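# A look at the structure
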Amino acid sequence: MELQKITGDLAAKGIVLFAISYDSVETLAGFAARQGITYPLLSDEGSRVIKELGILDEHLDSHHAEFGRPTRDDQWGVAYPSVFLLDSDGIVVRKRVHRNYRIRDTGAGLLEDMLGGTASAHGAEAAADGQVVRVRAYLDSPSYRWYQRLRIVIEVAVQEGYHIYGTPIPEGYVPLSVAVDPVDGLEVGEPAWPRPHRFRVNGLAEEFWVHEGIVRGSVPLMFTKDGTGDHRLRVDVRYQACSANTCLPPAQVRFELPVQEVAAVDAPAKQ
Amino acid sequence: MSADDYSQKGPAVGERFPDLRLADQTGAPVDLHAARQGRQALVVFYRSARW
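Residues numbered from 1 in each chain as written. Chains lettered and ligands numbered in written order. Predicted model: local features only at pLDDT ≥ 70, side-chain atom pairs only at ≥ 80, totals over all residues. Heavy atoms only, no water.

### Details of the overall build of chain B
Under the convention used in this document: Helix and strand assignments follow DSSP, with helices taken as H or I runs no shorter than four residues and strands as E runs no shorter than two, numbered in order from the N terminus. The classification of residues rests on relative accessible area computed with a 1.4 Å probe and restricted to protein chains. Under 20% of the type maximum is buried, over 50% is exposed, and intermediate values are partly exposed. Working definition of accessibility: Shrake-Rupley area with a 1.4 Å probe, residue cover restricted to the visible protein chains.
Secondary structure summary: chain B contains one helix and three strands in total. If you list the helices and strands of chain B from N to C, you get β-β-α-β. Classification of the 51 residues of chain B by burial places 43% in the buried group. Carbon together with sulfur atoms contributes 47% to the accessible area of chain B, which is approximately 2,500 Å² in total.

### Description of the confidence of the model for chain A
Basically, it comes down to this: Every residue carries a pLDDT, the predictor's confidence in it, which falls somewhere between 0 and 100. In this description, contact between two residues means that some pair of their heavy atoms is separated by no more than 4.5 Å.
Residue-level pLDDT values for chain A average 88, and 95% of them are 70 or greater. The low-confidence segment residues 265–271 of chain A (pLDDT under 50) makes 13 contacts with residues lying over four places distant or belonging to another chain.

### Describing the interface of chain A and chain B
Accessible area lost when the parts come together is the quantity often used to give the size of an interface. Formally: One speaks of a salt bridge when a side-chain nitrogen belonging to Lys or Arg is within 4 Å of a carboxyl oxygen belonging to Asp or Glu. Polar contact criterion, stated in full: a pair of N or O atoms within 3.5 Å, where within protein one must be able to donate a hydrogen and the other to accept it, and residues adjacent in sequence count only if both atoms are side-chain atoms. In this classification, the charged set is Asp, Glu, Lys and Arg, the nonpolar set is Ala, Val, Leu, Ile, Met, Phe, Trp, Tyr, Cys and Pro, and all remaining amino acids, among them Gly, are polar. Note on pairing: DSSP must find at least two bridges between two strands before they are called paired.
Facing the 77 residues of chain A at the interface are 45 residues of chain B. Linking chain A with chain B are one salt bridge, by the criterion used here. Of the charged contacts in the structure, one is a salt bridge between B:Arg50 and A:Asp74, with a shortest N-O distance of 3.0 Å. Across the chain A-chain B interface, the total number found is 27 residue pairs in polar contact (both at pLDDT 80 or more). At seven residues, the largest contribution of residues to the side of chain A that touches chain B is made by strand 1 (residues 15–21) of chain A. Split by residue class, the side of chain A that touches chain B holds 48 nonpolar, twelve polar and 17 charged. Where strand 1 of chain A lies against strand 3 (residues 40–45) of chain B, six bridges are found, and the strand directions are parallel. Across the sheet, the residue bridging to A:Val16 is B:Ala41, located in strand 3 of chain B.

### Some details on the state of the cysteines
All names here are of chain A. To be explicit about the condition: The disulfide criterion is simple: two cysteine sulfur atoms within 2.5 Å.
For the coordinates displayed, the defined rule picks out one disulfide over all chains. The disulfide partner of Cys242 is Cys247, and the S-S distance across this bridge is 1.9 Å. Between Cys242 and Cys247, the S-S torsion sits near 100 degrees, and that sign places the bridge as right-handed. Owing to a relative accessible area of 39%, Cys247 belongs among the partly exposed residues under this scheme.

### Examining the side chain of A:Ser218
As for its placement among the helices and strands, A:Ser218 is situated in strand 15 (residues 214–223). The exposure class assigned to A:Ser218 is buried, which follows from its relative accessible area of 16%.

### Quick notes on the pattern of salt bridges
Under the counting rule described, the total for this entry stands at 21 salt bridges over all chains. Here the salt bridges do not stand alone but share partners, grouping A:Arg96, A:Asp105, A:Asp113, A:Asp140, A:Arg149 and A:Arg151 into one network.

### Focus on the environment of A:Val178
All names here are of chain A. By the element assignment, Val178 lies in strand 11 (residues 177–180). Sequence separation between Val178 and Ser218 is 40 residues, and the spatial gap between their C-alpha atoms is 9.3 Å. Setting aside its immediate chain neighbours within four residues, Val178 contacts Ile154, Pro191, Trp193, Val219, Val235 and Asp236.

### Some details on the sheet that holds strand 11 of chain A
Residues and elements named next belong to chain A. Strand order across the open sheet formed by four strands is 8-18-16-11, with mixed pairing between neighbours. A strand with exactly one partner marks an edge of an open sheet, and here the two such strands are strand 8 (143–144) and strand 11. By the bridge criterion, two bridges tie strand 8 to strand 18 (residues 251–261) in an arrangement that is parallel. Residue Ser143 lies in a different strand from strand 18, and its bridge partner there is Gln260.

### Some details on helix 5 (residues 60–67) of chain A
Because an α-helix packs 3.6 residues into every turn, residues spaced three or four apart end up facing the same way. Residue and element names in this part refer to chain A. So the rule is basically this: Here, the arc refers to the directions that run from the helix axis to the C-beta atoms.
Every buried residue of helix 5 is accounted for by Leu60, His63, His64 and Phe67. Along the axis of helix 5, the buried positions cluster into a sector of 95 degrees, meaning they face one direction only. Counted as exposed and oriented over 90 degrees from the buried face of helix 5: Asp61 and Ala65. After helix 5 finishes, the residue Gly68 shows a positive phi value of roughly 75 degrees.

### Regarding the nonpolar core
Residue and element names in this part refer to chain A. The cut-off we apply is this: By nonpolar core we mean a set of buried residues, namely Ala, Val, Leu, Ile, Met, Phe, Trp, Tyr and Cys, connected to one another through side-chain atoms within 4.5 Å.
Within the largest apolar cluster, 32 residues are counted, with the highest numbers of intra-cluster contacts made by Ile152, Ile154, Val156 and Phe255. Among the secondary structure elements, those contributing two or more residues to this core are strand 6 (125–129), strand 7 (133–139), strand 9 (148–158), strand 11, strand 15, strand 16 (231–239) and strand 18. With five residues, strand 9 is the largest single contributor of residues to this core. If we skip the residues at most four places from it in the chain, Val156 touches Val133, Arg134, Val135, Ile164, Leu176, Trp193, Gly213, Ile214, Val215 and Val237. Tyr22, Val49, Ala79 and Met222 belong to the second largest nonpolar core, which has 31 residues in total.

Structure (structure tokens):
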């Protein structure tokens, strides 16, 4: 279970974890024993709390139309996968609700989304050097299940005295961008970069938006097909670097990020 | 990727998370706010331990 992976990280921050589902105590007892769960699994059998909180999934039929599977009777009562971060007074300070039960976070993704932290265990790190940049990247999880939200974390370190372009960008210049080679069943979302800052070059009327120093961004991914196996994702980072008086030609660095498939347990557990 | 944010559902940011009292995996009743003991908490609703 992904949450067990981040219990250490949460405990270090003094955060208590509760996981809630519509399973019976009996089911939870067996699951906790098999998986070595150390945090509370609360039983909302009958989905009373789930309904009261307004997170009962009432769209199962349309979700299943998306996956091409029929809804089983025992699936009614399931909640939208959701997370709430409470402060020390019990006030909700952050929340996330997913549209269907297939979409789930890795422990690391949850930590990043809700707490802005980085989990201690992530995928293998790749590094690649360009002329005036150094790029490090890793997947926030070394393994994936289908419909699990993953993220490529990228760090671009720009040599002092140089800057690279962000957007908006004047014509003819190449902004910082990331591309992942297509893989069947892989959905790649929009990269998120920090806001660039304004840069004026003496003698030029144009305004440039640039990044300098260490630039940390991320790219969301999700595999939406089952059984595609292990992958080595090929990633390109493109950029153009300039100093105060010279522009280098646009460049790119390329690296590979391995990710293993973990077989999804989709059928009801055998009795 | 299509939007997957259903953020209107469930308790809102700024609101006190409702009181709840449910049994845990040992069958013991757990009052969420009491069990927090004044600490921050992450409350996760996941689909099922069974499927």
